[in-house]
Amino acid sequence: MSRVWEESGQGDAVGRLAPVARVREAVRWDARSVGRAARAVWRGPGRERDLLVQSLKAAGAALLAWLLAQVWLGDPMALMAPWVALVLVQATVYSSLVQGARQFTAICVGALVASGAQAVTDDTTGALALSLPVLVLLSNWPRFGDQGIYAATTAVFTIATGTVSAVAVGHRLGQAALGAVIGIAVNALILPPVHLRDVRENLAGLAREAGDVLHAVAGDLRGDEWDAQTAAGRLGAAARLQDRLEALRSARGWSRESLRLTSGVLRALHRAPTEALPPEDEDERFSRVTGHVTALTRTLAVAADEDRTPAAPDAAVLGCYAELLELIGDVCHAEADRLLDGGTRADALLDERTEAAMRDLHEKLQDRLREQAGQGAARTAVLGTLVLQAENLWAELDGGVRDR
């Protein structure tokens, strides 16, 4: 019994240590993330530095609103101004204006409903009970967006402070308007957020990651290490390209919004960058590239599955195919560098050399395809599909080069 108790005690101790270890690992991971973000801010422009700038702008807007409302104007209800200014330093100038209008409307509704409820009930608890259900329900109105909750919170502040007179409500609305003006002005005139970099980085990242997947597949095929487990891993890597594609589409939407209201006067005042976005055709092109890479890895995964009819080509054919994928991966990486630099490729002869080599490899694969045709339909079907996907990839990449 004592031994069982000891073993049980040891098990309990291990059970108690497991959550501690997970917490410790989570803290360690967070610390590393903070360190990476700090180094990225120090290295140069990027998303981390943009986030730091927006955070400092929000804090500065709130401080400026407080100084104007409390220190210089001496308003006893100065809390509203910094509160509104803080939340209106949004991700884009257009968003600041839209959110500001919605928030100010919600604050007006909350203050007026709270004043009416207090006048009817003449009791703090009764006024809260009368106004909050209506305002919380109203906060779900789509016209308010995500600012509707400010109607209810304004009502709580209004009733809890006991100041519901017409003068007090006027002060509160005036402070909200002051905070909105300061928050929007700070966001629009001090380093306004224009999300061009996010589009460029995500597009380049998509091209680079597609090249990485092709290089990884080529390395596995060349080293004769292609099996069902490896194929599943590469198929997962190709599927993760969809996450990058979604991030690119989201960034494109943010870029369109951030250029609204900033492309005219603000550009003339050098308050917004003048560099052009990569055209949206590039998004569609690399979306198709992503689809072809996914289809290619799926074909190889099916061929590696012993329970499926299609069979993988022999090692010599896969080695030749690996060379072709390696070249296509190089082109993807070159496209990523070009997108980041915003100009032409660093190696002007890369396209000519690559095209010549690819044509040679393509001819070899076509010869092998004819040879495979005599060895069975299963191998022929797999190799034909692989060659078709490689041709599709090259057509997209080569077509983009020729269009430029």
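Residues numbered from 1 in each chain as written. Predicted model: local features only at pLDDT ≥ 70, side-chain atom pairs only at ≥ 80, totals over all residues. Heavy atoms only, no water.

A look at the overall build of the protein
Selection rule: We count a stretch as a helix when DSSP gives it H or I for four or more residues in a row; a strand needs E for two or more, and each element gets its number in order from the N terminus. Each residue is assigned to one of three classes by its accessible area relative to the maximum for its type, calculated with a 1.4 Å probe on protein chains only: buried under 20%, partly exposed between the two thresholds, exposed over 50%. Whether two residues touch is decided by their heavy atoms; if any such pair falls within 4.5 Å, the residues are in contact.
Each helix and strand counted, the protein has 14 helices and zero strands in total. Along the chain direction, N to C, the helices and strands of the protein fall in the order α-α-α-α-α-α-α-α-α-α-α-α-α-α. Here the protein, with 404 residues, has 41% of them falling under the buried criterion. At a minimum sequence separation of 6, the contacts of the protein that also span at least 24 residues come to 79%.

Looking at the pattern of salt bridges
Convention followed: We define a salt bridge as a side-chain nitrogen of Lys or Arg found within 4 Å of a carboxyl oxygen belonging to Asp or Glu.
As enumerated under the stated definition, the model contains 11 salt bridges in all. Among the salt bridges present, the one from Arg252 reaches Asp283, with a minimum N-O distance of 2.7 Å. Taken as a pair, Arg252 in helix H9 (residues 228-259) and Asp283 in helix H11 (residues 280-304) lie far apart in primary sequence, 31 residues in all. By relative accessible area, which is 4% here, Arg252 ends up buried. Under the relative-accessibility criterion, Asp283 is labelled buried at 10%. With its nearest N and O atoms 3.0 Å apart, the salt bridge here joins Glu282 to Arg338. Here Arg338 lies in helix H12 (residues 315-341) and Glu282 lies in helix H11, a separation of 56 residues in the sequence. The pair Glu282 / Arg338 is uniform in exposure class, with both members buried. Among the charged side chains, a network of salt bridges with common partners joins Glu282, Arg285, Glu335 and Arg338.

Some words on the packing of helix H4 (residues 93-121) against helix H6 (residues 149-161)
What counts, and what does not: Lines fitted to C-alpha atoms define the axes, with helix axes restricted to the stretch in contact, and inter-axis angles between N-to-C directions lie between 0 and 180 degrees. Angle categories: roughly parallel below 35 degrees, roughly antiparallel above 145, roughly perpendicular from 65 to 115, and oblique for all the rest. Less than a right angle of anticlockwise turn of the near helix away from the far helix marks a crossing as left-handed, whereas a clockwise turn marks it as right-handed. When residues are sorted by character, Ala, Val, Leu, Ile, Met, Phe, Trp, Tyr, Cys and Pro go into the nonpolar class, Asp, Glu, Lys and Arg into the charged class, and all the rest, Gly among them, into the polar class.
H6 packs onto H4 with a crossing angle of 40° between their chain directions and a minimal axis gap of 7 Å. With respect to their mutual orientation, H4 and H6 come out oblique. In the crossing of H4 with H6, the sense of the turn from one axis to the other is right-handed. The segment H4 lies against H6, with Gln103, Ala106, Ile107, Gly110, Ala111, Ala114, Ser115 and Gln118 engaging Tyr150, Ala151, Thr154, Ala155, Thr158 and Ile159. Class assignment of the residues belonging to the contact of H4 with H6 gives a composition of eight nonpolar, six polar and no charged.

So, the packing of aromatic side chains
To keep things clear, this is the line we draw: Ring pairs shown here join Phe, Tyr and Trp side chains whose ring centres sit within 6.5 Å, with only the six-membered ring taken for Trp; geometry is labelled stacked below 30 degrees between planes, edge-to-face above 60, and tilted in between.
Under the criterion given, the structure shown has three aromatic pairs. Pairing Trp141 with Phe144 gives two aromatic rings, centres 5.5 Å apart and planes at 90°, and the pair type is edge-to-face. Each residue in the set Trp83, Tyr150 and Phe157 is aromatic and connected to the rest through ring pairs, giving one cluster.

What about the side chain of Thr290?
Note on placement: Thr290 falls in helix H11. Not counting chain neighbours up to four residues away, the residues in contact with Thr290 comprise Leu206, Leu241 and Gln242.

Notes on a nonpolar patch on the surface
Rules: Residues enter a patch when their relative accessible area is above 30% and they make no salt bridge; the linking distance is 9 Å between like charges and 5 Å between nonpolar side chains (Val, Leu, Ile, Met, Phe, Trp, Tyr). Note on areas: Shrake-Rupley, 1.4 Å probe, and residue coverage restricted to the protein chains presented here.
Judged by side-chain polarity, Leu63, Leu64, Trp66, Leu67, Val71, Trp72 and Leu73 come together as a nonpolar surface patch covering roughly 700 Å² of accessible area. Along the chain, Val71 falls in helix H2 (residues 47-72).

What to know about H11
Selection rule: Here the expected length of a helix is defined as 1.5 Å per residue gap, with one fewer gap than residues.
Spanning 25 residues, H11 covers 37 Å between terminal C-alpha atoms, matching the ideal 36 Å at 1.5 Å per step. The buried fraction of H11 is high, at 18 of 25 residues.

Focus: the packing of H4 against helix H5 (residues 124-138)
Relative to each other, H4 and H5 sit at 145°, their axes nearing to 8 Å. The hand of the H4/H5 crossing is right-handed. Seen from H4, the contacting residues are Val109, Gly110, Val113, Ala117, Gln118, Val120 and Thr121; seen from H5, they are Thr124, Gly126, Ala127, Leu130, Ser131, Leu135 and Leu138.

Considerations on the environment of Glu257
Looking at the element boundaries, Glu257 is found in helix H9. Linking Glu257 and Ser95, residues 162 residues apart in sequence, is a C-alpha distance of 7.7 Å. Apart from the residues within four sequence positions on either side, Glu257 is in contact with Thr92, Tyr94 and Ser95.

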